[in-house]
Amino acid sequence: MEKAKKEGTAPAVREGVSPPPAVNPEFLARHGRKKKRLFSADGYVEGILSGNNAILSEAITLIESNLPEHTAIAQEILAKCLPHSGKSVRIGITGIPGAGKSTFIETFGLHLTRSGKKLAVLAIDPSSQNSGGSILGDKTRMQKLGADSNAFIRPSPSAGTPGGVASRTRESILLCEAAGFDTVIVETVGVGQSETAVRSMVDFFLLLMLAGTGDELQGIKRGIMEMADVVAINKADGDNTAKAELAKHSLQNALNLFPVIRPGWHPRVLACSALEDRGIVDIIGAIGDFVKVTRKNGFFDEQRKAQDVIRMHDTIIEALKNSFYRNEKISEMKGFLEAQIREGKITSFKAASELLDVYFGRQKDC
Ligand code: GDP
């Protein structure tokens, strides 16, 4: 991306900020289409389809932008990329901080890229929301994979609601697929609501856990366990190897009691060491098995269609919400009603219905 910026081959786009023209428009008028296309949706689409990661990255920035002028071009890019999307295996990876997600993704990813596959990693960064710090801004994460020409790593701020994260990340997946990535990983930290959102946009969900914490389910809600197609007990190395094996067996027994949610697939528990590259190949194998089984029995496509339906509803909810809160009358009344709720002068239900009445232009009965 940096390289492209220096060369002026792609416009610089920041979230919420209009991109300044990277090249003098008069120069473009004189020198034809080649650079001009970079300002149009077609230019982005061409760049994405030709596998230009800098342009893909800029397009994702447009998708993440809240500015209406960015939304218009982002939607056009998306619509044009859509026919070229859908061909990857979409994998969600979650686990508490320290479980070894980035180490795992790097080791896992290098196996894929070495075998000629192209891998995109979209990492949702919730820390910018909670603590102001950004774990994903840490430059030491996935260094080798970051330098691999068959890999694309993209941290995305999760600013806003989990619904917002979902719609933007889903759209980013589609762009990555159009760019030719055959595996797309969506990474999230297993501490919040984002897992449910991520589960609804991937084909396969991997939960990374640690053994030897006393309680194997520590910090992980049963709901997240139920979402997992494979649970990997990471750091199964050194003194921890036996503990990991033990945890693997007790978790597999626990999972066997859960109802089968994805037809034909019983969630597997595997042990691995991301650091020492042990057991990773088995996990790649399990994902391959999952894809094979679910493609054969039709669940793979069925799940994607069901996810598309969810996406439609999410999009409607997000659009309605944006329209509601951008409404001038609502903005004027909102602060006053919030104060009234705090002072106990009005119930939140009543305040909400007053705002909704105004938004929908409903008359009050006298
Ligand atoms: P994340 O927060 O889930 O992304 O976890 P990281 O990948 O940053 O790993 C957290 C720490 O655990 C780092 O110090 C890693 O070197 C270490 N780690 C990750 N995987 C393994 C593993 O398989 N074995 C051991 N012993 N350490 C690991």
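These notes cover the structure that comes with them. (Residues numbered from 1 in each chain as written. Predicted model: local features only at pLDDT ≥ 70, side-chain atom pairs only at ≥ 80, totals over all residues. Heavy atoms only, no water.)

## Examining the overall build of the protein chain
Of the regular secondary structure elements, the protein chain holds 17 helices and seven strands. Within the protein chain, buried positions represent 45% of all 366 residues. Sequence separation of at least 24 residues holds for 74% of the intrachain contacts in the protein chain that already meet a minimum separation of 6. (Helix = DSSP H or I, 4+ residues; strand = E, 2+ residues; numbered from the N terminus. Buried < 20%, exposed > 50% of the residue type's maximum accessible area, 1.4 Å probe, protein only. Contact = heavy atoms within 4.5 Å.)

## Remarks on the site of the ligand
If you check the shell around the ligand, you find 15 residues, and the closest are Gly98, Lys101, Thr103, Lys235 and Asp237. In the model, an oxygen atom of the ligand is placed 2.7 Å from a nitrogen or oxygen of the Lys101 side chain. A distance of 2.9 Å separates an oxygen atom of the ligand from a polar atom in the side chain of Ser102. In the complex, 68% of the free accessible area of the ligand, which totals 580 Å², lies under the protein chains. Among the elements that make up the shell around the ligand, the one with the highest residue count is helix α7 (residues 101–114) (three residues). Of the residues that constitute the shell around the ligand, the class distribution is five nonpolar, six polar and four charged. (Near = heavy atom within 4 Å. Polar contact = N/O pair within 3.5 Å; in protein donor to acceptor, adjacent residues only side chain to side chain. Areas by Shrake-Rupley, 256 points an atom, 1.4 Å probe, with all protein chains shown as cover. Nonpolar A, V, L, I, M, F, W, Y, C, P; charged D, E, K, R; others polar.)

## Some remarks on the side chain of Arg199
Mapped onto the secondary structure, Arg199 falls in helix α11 (residues 194–199). In this structure Arg199 comes out as buried when scored by relative accessible area, which is 10%. Apart from the residues lying within four places of it in its own chain, the contact partners of Arg199 are Phe204, Phe205, Met227, Asp229, Arg262, Gln303 and Gln307.

## Quick notes on a nonpolar patch on the surface
Judged by side-chain polarity, Met312, Ile316 and Leu320 come together as a nonpolar surface patch covering roughly 280 Å² of accessible area. Looking at where Ile316 falls in the secondary structure, it is placed in helix α15 (residues 299–326). Assessed through its relative accessible area of 43%, Ile316 is described here as partly exposed. (Patch = residues over 30% accessible without salt bridge, like charges linked within 9 Å, V, L, I, M, F, W, Y side chains within 5 Å. Salt bridge = Lys/Arg side-chain N within 4 Å of Asp/Glu carboxyl O.)

## A word on the nonpolar core
Core analysis: the biggest nonpolar cluster contains 33 residues, and Ile48, Leu56, Ile77, Leu175, Cys176 and Phe181 have the highest contact counts within it. Elements with a contribution of two residues or more to this core: α4 (41–49), α5 (53–64), α6 (68–81), β2 (119–125), α10 (162–178) and β4 (183–189). No other element matches α5, which puts six residues into this core. If near-sequence neighbours (up to four positions away) are discounted, Leu175 is found in contact with Ile48, Leu56, Ala59, Ile60, Ile63, Ile77, Leu78 and Cys81. (Core = buried A, V, L, I, M, F, W, Y, C linked by side-chain atoms within 4.5 Å.)

## Thoughts on helix α14 (residues 280–296)
In a regular helix each residue adds 1.5 Å, so 17 residues correspond to 24 Å; α14 covers 24 Å between its end C-alpha atoms and thus fits that length. Among the residues of α14, those classed as buried are Ile280, Ile283, Ala286, Ile287, Phe290, Val291 and Thr294. Down the axis of α14, the sector holding all buried residues measures 135 degrees, keeping them to one side. Of the exposed residues in α14, the ones pointing more than 90 degrees away from its buried face are Val281, Lys292 and Lys296. Where α14 is buried, its residues meet β1 (89–95), α7, β5 (204–210), β6 (230–234), β7 (268–271) and α15. Looking one or two residues beyond α14, the residue adopting positive phi is Gly298, at roughly 90 degrees. (Expected span 1.5 Å × (residues − 1). Arc of directions from axis to C-beta.)

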